[in-house]
Amino acid sequence: MKKTLFDCIIVGAGHAGIEAALSAARLGCKALLVTMDLDKIGQMSCNPAIGGVGKGQLVKEIDALGGQMGKLADATAIQFRLLNTSKGPAVRSSRCQSDMERYRLLSKHTLEKQENLFLKQAEIVKIIVNNSVVQGVRTSTQEEFLAKTVIICPGTFLNGLIHIGLTHFSGGRLNEPASVSLSKNLEELGLRPQRFKTGTCPRLDGRTINFRKLKKQDSDKRPSFFSFSTKKAALRQVPCYMTYTNLDTHKIIRSGLDRSPLYTGIIKSTGVRYCPSIEDKIVKFAERERHQIFLEPQGLDTYEYYPNGLATSLPLDIQVKMIRSIEGLEKAEFTRPGYGIEHNLVDPTQLLPTLETKSIKNLYLAGQINGTTGYEEAAAQGLIAGINSALKVKGRAPFILDRSQAYIGVLIDDLTTKGTNEPYRMFTSRVEYRLLLREDNADIRLKELGFNIGLVDKRDYRQTKKKIFLIKKQLDSLKKTNLTPDVKTNRRLKNLKSSPLKRATSLEQILKRPEIDFDKLCKLNHLSPKLPDDVKFQVEAEVKYSGFIERQIKEVQRFRKIEYIKIPDGLDFASIPGLSREIREKLFHARPVSVGHASRISGVTPAAISILMVYLDKK
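Residues numbered from 1 in each chain as written. Predicted model: local features only at pLDDT ≥ 70, side-chain atom pairs only at ≥ 80, totals over all residues. Heavy atoms only, no water.

Draft legend 1. Up close: unusual backbone geometry. Phi is positive for Asn116, which is not a glycine, with a value near 75°. You can see Asn116 is positioned in the loop between helix H4 (100–112) and strand E6 (117–121). Residue Asn116 is classed as partly exposed on the basis of its relative accessible area, which comes to 31%. The backbone phi angle of Lys497 is positive, close to 60°, even though this residue is not glycine. Following the sequence through the fold, Lys497 ends up in the loop between helix H13 (487–495) and strand E22 (505–506). For Lys497, a relative accessible area of 76% corresponds to the exposed category. (Helix = DSSP H or I, 4+ residues; strand = E, 2+ residues; numbered from the N terminus. Buried < 20%, exposed > 50% of the residue type's maximum accessible area, 1.4 Å probe, protein only.)

Draft legend 2. Quick peek at the packing of aromatic side chains. Counted under the stated rule, the structure contains seven aromatic pairs. Between Phe211 and Tyr241, the aromatic rings sit 4.5 Å apart at their centres with planes inclined by 40°, giving tilted as the arrangement. Remark: Tyr241 occurs in strand E15 (residues 240–244) and Phe211 occurs in the loop between strand E13 (203–205) and strand E14 (215–217); sequence separation between them is 30 residues. Taking the relative accessible area as the measure of exposure, Phe211 reaches 22% and is therefore partly exposed. (Phe/Tyr/Trp six-rings, centres within 6.5 Å; stacked < 30°, edge-to-face > 60°.)

Draft legend 3. The arrangement of the sheet that holds strand E5 (residues 93–98) in detail. In space, the three strands of this open sheet follow the order E3-E5-E4, with antiparallel pairing throughout. Bordering the open sheet on either side are strand E3 (49–51) and strand E4 (77–83), each of which pairs with just one other strand. Between one strand axis and the next, the sheet turns through 20° on average, direction left out of account. Note that E3 and E5 share three bridges and pair antiparallel. Within the sheet, the bridge partner assigned to Ala49 lies in E5 and is Gln97. Strands in contact with helix H3 (residues 69–76) are E3, E4 and E5; relative to E4, the strand with the most contacts, it is inclined by about 115°. (Pairing = 2+ DSSP bridges. Axes fitted to C-alpha atoms, helices over the stretch in contact; angles between N-to-C directions. Contact = heavy atoms within 4.5 Å.)

Draft legend 4. Here's a closer look at the nonpolar core. Formed by 120 residues in total, the largest nonpolar core has its most connected members in Ile9, Ile50 and Ile408. Among the elements that line this core, the one with the most residues is helix H9 (residues 375–394), at 10 residues. If we ignore the near neighbours within four places in the chain, the residues touching Ile408 are Leu58, Glu61, Ile62, Leu65, Ala380, Ile384 and Leu401. Counting 19 residues, the second largest nonpolar core, distinct from the first, contains Leu475, Leu483, Ile510 and Leu524. (Core = buried A, V, L, I, M, F, W, Y, C linked by side-chain atoms within 4.5 Å.)

Draft legend 5. Molecular detail of the packing of helix H12 (residues 458–480) against helix H16 (residues 533–544). Put simply, H12 and H16 touch, their axes get as near as 9 Å, and they point 50° apart. If you check the angle between H12 and H16, you find them oblique. As for how H12 packs across H16, the hand of that crossing is right-handed. Residues Lys467, Leu470, Ile471, Gln474, Leu475 and Leu478 of H12 touch H16, and the partners they reach there are Asp534, Val535, Gln538, Val539, Glu542 and Val543. (Parallel < 35°, antiparallel > 145°, perpendicular 65-115°, else oblique. Left-handed = near helix turned anticlockwise from the far one by under 90°.)

Spelled out as structure tokens, the structure:
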């Protein structure tokens, strides 16, 4: 029987697999998504939330490029919050609590109705490769599917090992089998393995929580949506609650360290630095008398709560005592235990910026297999891998975002250039040009790119062009319109607690004052422009931070001078005179695609970059 040839096969249906499958299919590729359990598509393995500091920016960028996560998050959110509102716009990030069950079901439904996309439940045990070119995949039942490209998105399932106290057993998630054969096969194909550890919290029965003792945290009255096309919240909004650990909690945790897999040496792999387990917090921050815990609802139709901040792999009896020592949780009943999980990944420096492997053509990796942690980082990689696999099938140029264009560009550049020796989490602090790469302007930065690729439709693109026009028009108006220092104007300024004018001053200059926002400026000048809130925000941000923005634009221009100098594929670095043996080896190993890429490889000196640029210029 003749086997069906797919343009793209995606292995794994987590957040990376969803974006990879949808983007490939939407770009006209015949795509097959294979997962071990079709009912776990889009499963939120850990916390019931999307976004957060640095992560909200990723989700907004995914949406601007035509991805799905932002729409899924908005449609299933039961609480919206904008973080860092007391700080500047460069570090503000959106976050939402999600109804986990609705998110999973909507993810599956979205995939099922997608044209060109086929779903299959099976375990992939082998990647079929011939002459260093991927040919397809083989299942545990020896069924083979052929493809022009393959994307591997296995999450924590590669040789996953679950720990609860001194008990440990194979698994990709609790009560789900690990992918052992595929992990071995990737090693056999020459992809260097690493091993990381992550973990999750116990789940609690909300009916046994005393919420009257806890501080309530409501949703924002004006939600900050992830998708630029979302107009209003779809679901009822519910609160989260805050509580704290205490000295008794810490004493209980210490009493269980002799049975902790972390502190008895059973877990040897590296854990998440920025989301440590509660036992790690107690040991490493022994001076702290308490740690904050957020009780997050897992959905509208369930009593389960997620105690964010209590990730643990302690024995179950210690987990129970620990939980019940916390205010409001004295009688809390467990629905599921917390656990730690070790899993394999692949050294991401073996990937090109397209997320294609350097050693095997047409094989792409996305998500936690590349060393990241978090739904958002996985989805961003899945989108880029899906786009590039489709573009390769179509014979089009690859799509690569650089560090000056997007958080996604920083994420992938960090992984493929530097690699990571611990689970990688996106933060605003990782992004050099974060004032230019704000989450509020992701559509302005990236919608045109998404449209040119073919993932953003004309209507959405026109809306963004209209927004850009309105912003420019308003900025021009503010520059050209002056206020004179008359009595009425200065009285109004005084009422706004702003200093009086001594000479004619443009509205742009007045808006730069910290105490004046766009709405106050309108009252001051009797303006009433009918502008959308997002346009007002853009105008205000552009004016107030204009000096910093201009400085970063100049920095980006310098960055791009070397970033876009391409290095020919297959360049023999040994033939470049003046480079040390060490530098040649590093360049040969990393196979950088540009001089900018080469400059960020650990150990490659500025002098070596100068030699490389001179050599390329001569060639």
